[in-house]
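Per-entry structural report
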Amino acid sequence: MYKPQRLHPLAILEFILRKIYSLGQAFLPLLIIAIAKEELRKWFLLAIPIVVVLFVAYGILYWLRYVFYISGQELRLEYGVLLRKNRYIPFERIQTVQISSGILQRLFGLVKVQVETAGGGSKAEFVLPALSRNKAEELQNILEAGGKHVEETEEEAECIEYKLSTRSLLLLASTSNGIGVVFSGMLVIISQLDDFFSKLDIWGKVGTYAGNLATGRITMIILVIFIFILLAWVLSLLGTIIRFGGFHLQREGNSLKISQGLLEKQQLSIPIKRIQAIKVVEGLFRQPLGLVSVQVVSVSNTGAKGEGNVLFPLLPRAELTAFLERVVPEFAMSLEVQRLPVKSRNSYLLINIIPALIIAICCTIYLPWGYTGFILPLLAALLGNRQYHDAGYGVVENKLLLRSRNLSRVTMIISRRRIQSIHVSQNFLQELSSLSTLRVAVASAKVATTVALKGMDKQRSNDIMNWFTGKSDECLFFGPPADAK
């Protein structure tokens, strides 16, 4: 690791495909024109072998000049064909080291290493696409140890393990909110069909079918909608199983190791000192079943999509406290909360009911059966009332807990020394009722993640502000407020 090393030759294929992809994005319009015009098509076909040879030569040269090594307290990368580039990453900037392996890499016993840094943007700053697992794990251990040589000892630190059972995986997939993402993706794909199959007039046929369906029986309309939703749910189910299959969590010393994935096996290492907050999510379908998802908020970009850095994807709520005490005792605390004052209930109701009422009125005016839209204000009132009852906060010693709800109920546990800033604000109506909005910012992948709790008593917000700045030693807020009894 301390001498310049090359990647496995399989990396040549990775470099070639990456270059083809980047150039393809840039010259896609020209390629479409070349394929569409017959006089240009033959020249395009003749150029393909030459382009392939050039890309292969480029990939080999790039691989030969792509080396990495450790020097002092830095991870160094040197690469480039025509222009030689150097990248130096100090160990203190490194946030996470992720090891993953796709199907092709697993055939050769290789892995991909991604090193993420503070302020590194949306992508990993340091990527080694084809490395043997032994070298990858050695590099990971060196980086986590801050460059110090790691020696095996007979007395190893206690290893805490949690695995996701097959039953829990199926339950996780069945209750995932990914159906909305899949549904949107299906609509986007359908909307682009005419661009690729213009002669088939797909949208014209769909419009005619939809018109005939709308004039038909209501049972047929319901059946078509049901089939479409069922298809989206099945795709979401498969996606979740592929992503979280074989989920395994370990805590070894001051580091968390997470491995997951069926097709692409990912292994993520997160130092405890890099964790900014713990996020507990109770989804709309999972909360009635007493299930939660536990996530971590860190300055890593890994898991920026989907459910973020998942610490454990599905856990019974009754086991949550014990899980936190074992895996991340630095963030363990009582999950009881101080409820918001009763006078803040109206703001939660109005902010949901007013938009729903406007939509219902518009539906009634412009749509047949639009009067059925008046169920929306009722649902909005139920949601607002639930948001009020679920909202709360707690402070114990050096940890702050904030709980709120949009559709899912979210509980954030933040260590005081991880808080970037606290802001207390009031709008005109809140001033009349001595209420406020508390906003807490913690560091995350791109910008600070802000957690807001609306409708707090102004004095309580000031108390938390004083707690954060060290002006007050008060460390416990629990139990219902006086006017909530």
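As the structure is a prediction and not an experimental result, all values here were calculated from the model. (Residues numbered from 1 in each chain as written. Predicted model: local features only at pLDDT ≥ 70, side-chain atom pairs only at ≥ 80, totals over all residues. Heavy atoms only, no water.)

**Describing the environment of R405**
The test is simple: Under the scheme used here, helices are H or I runs from DSSP no shorter than 4 residues and strands are E runs no shorter than 2 residues, and both carry numbers assigned from the N terminus. Here's how the labels work: a residue is buried when its accessible area is under 20% of the maximum for its type, exposed when over 50%, partly exposed in between, all with a 1.4 Å probe on protein chains only. Contacts between residues were defined by any pair of non-hydrogen atoms, one from each residue, lying within 4.5 Å. A 3.5 Å cut-off defines polar contacts: any pair of N or O atoms within that distance qualifies, except that in protein one atom must be a possible hydrogen donor and the other a possible acceptor, and neighbouring residues in sequence count only when both atoms are side-chain atoms.
Mapped onto the fold, R405 is located in strand β17 (residues 399–405). On the basis of relative accessible area, R405 is assigned to the buried category, the value being 8%. Distance in space between the C-alpha atoms of R405 and G283 is 9.8 Å, their sequence separation being 122 residues. Residues in contact with R405, not counting those within four places in the same chain, are Q287, L383, R386, Q387 and D390. Of the polar contacts made by the side chain of R405, one reaches the side chain of D390; its length is 2.6 Å.

**Here we look at the confidence of the model for the chain**
Quick note on the threshold: Summary of the metric used: pLDDT quantifies the predictor's per-residue confidence within the range 0 to 100.
The share of residues in the chain with pLDDT of 70 or more is 78%, and the mean pLDDT across the chain is 80. Counting interchain partners and residues more than four positions distant, the pLDDT-below-50 stretch residues 302–308 has 15 contacts. Counting contacts from residues 478–485, a segment whose pLDDT is below 50, to residues more than four positions away or on other chains yields 18 contacts.

**Some thoughts on the environment of V56**
Inspection of the secondary structure assignment puts V56 in helix α2 (residues 38–64). Between the C-alpha atoms of V56 and I12, which are 44 residues apart in sequence, the distance is 8.0 Å.

**Considering the packing of aromatic side chains**
Put simply, the rule is: Each aromatic pair joins two rings of Phe, Tyr and Trp (for Trp, the six-membered one) with centres within 6.5 Å, and gets the label stacked for planes under 30 degrees apart, edge-to-face for over 60, and tilted for any other angle. Distance and angle both matter: a charge sits over a ring if NZ of Lys or CZ of Arg is within 6 Å of the ring centre and within 35 degrees of the ring normal.
Following the criterion strictly, the structure yields twelve aromatic pairs and no others. Note on F312 and F323: the rings are 5.8 Å apart at their centroids and 50° apart in plane angle, and the pair reads as tilted. Taken as a pair, F312 in strand β14 (residues 309–316) and F323 in helix α10 (residues 320–327) lie far apart in primary sequence, eleven residues in all. Three or more aromatic residues joined by ring pairs make a cluster, and in this case those are F15, Y58, Y62, Y66 and Y79. One Lys or Arg, R76, reaches over the ring of Y88 and ends 4.2 Å from the middle of that ring.

**A closer look at the pairing of strand β4 (residues 85–90)**
Here is the rule: A pair of strands is labelled paired if DSSP reports no fewer than 2 bridges between them.
When strand β3 (residues 74–79) meets β4, the two strands line up antiparallel, connected through six bridges. Bridging from a neighbouring strand, R76 pairs with Y88 of β4. Between β3 and the antiparallel strand that follows it, β4, lie five residues; G80 among them carries a positive phi value of about 120°.

**A closer look at the nonpolar core**
Spelled out, the test is: Joining through side-chain atoms within 4.5 Å is the link that ties buried Ala, Val, Leu, Ile, Met, Phe, Trp, Tyr and Cys residues into a set, and such a set is a nonpolar core.
Residues L249, I278, L311, F323 and V328 are the most contacted members of the largest nonpolar core, which totals 41 residues. Excluding residues within four positions of it along the chain, F323 makes contact with Y162, L249, V294, L311, F312, L315 and V328. In terms of nonpolar packing, the next biggest core, distinct from the first, is built from 32 residues, Y66, L75, L131 and L143 among them.

**Digging into helix α11 (residues 345–366)**
In plain terms, the rule: Each helix should span, by expectation, one fewer than its residue count multiplied by 1.5 Å.
Taking 1.5 Å per residue as the helical rise, α11 with its 22 residues ought to reach 32 Å, and the 33 Å between its terminal C-alpha atoms agrees with that figure. Regarding α11, the residues found buried are Y348, L349, N352, A356, A360 and C363.

**Quick notes on the pairing of strand β12 (residues 275–282)**
Burial of β12 is extensive: seven of the eight residues sit out of reach of the surface. Where β12 lies against strand β13 (residues 291–298), six bridges are found, and the strand directions are antiparallel. The partner of I278 across the bridge, within β13, is V296. Relative to strand β18 (residues 409–415), β12 runs antiparallel, the two being bridged by six bridges. Note on β18: the bridge partner recorded for E282 is R409.

**Points about the side chain of Q250**
Looking at the element boundaries, Q250 is found in strand β9 (residues 248–252). Here E161 takes part through its side chain, which lies 3.2 Å from a polar atom of the side chain of Q250.

**Remarks on the pattern of salt bridges**
When the charged atoms of two side chains with opposite charge come close together, those side chains can pair. We count it as follows: Basic side-chain nitrogens of Lys or Arg form a salt bridge, by our definition, when they fall within 4 Å of a carboxyl oxygen of Asp or Glu.
Applying the stated criterion to the full structure yields eleven salt bridges. Of the charged contacts in the structure, one is a salt bridge between E282 and R317, with a shortest N-O distance of 2.8 Å. Of the two residues, E282 sits in strand β12 while R317 sits in the loop between β14 and α10, which places them 35 residues apart along the sequence. Look at E282 and you get buried, because its relative accessible area is 3%. Given a relative accessible area of 32%, R317 falls into the partly exposed group. Here D390 ties to R405 by a salt bridge, and the two come within 2.6 Å at their closest N and O atoms. Note that D390 is positioned in helix α12 (residues 375–390) and R405 in strand β17, a separation of 15 residues in sequence. Each member of the pair, D390 as well as R405, is classed as buried.

**Things to note about α12**
Helix length check: α12, at 16 residues, gives a terminal C-alpha distance of 23 Å against a target of 22 Å (1.5 Å per residue), a fit within 8%. Residues of α12 that are buried make contact with β15 (338–339), α11, β16 (392–396), β17 and β18.

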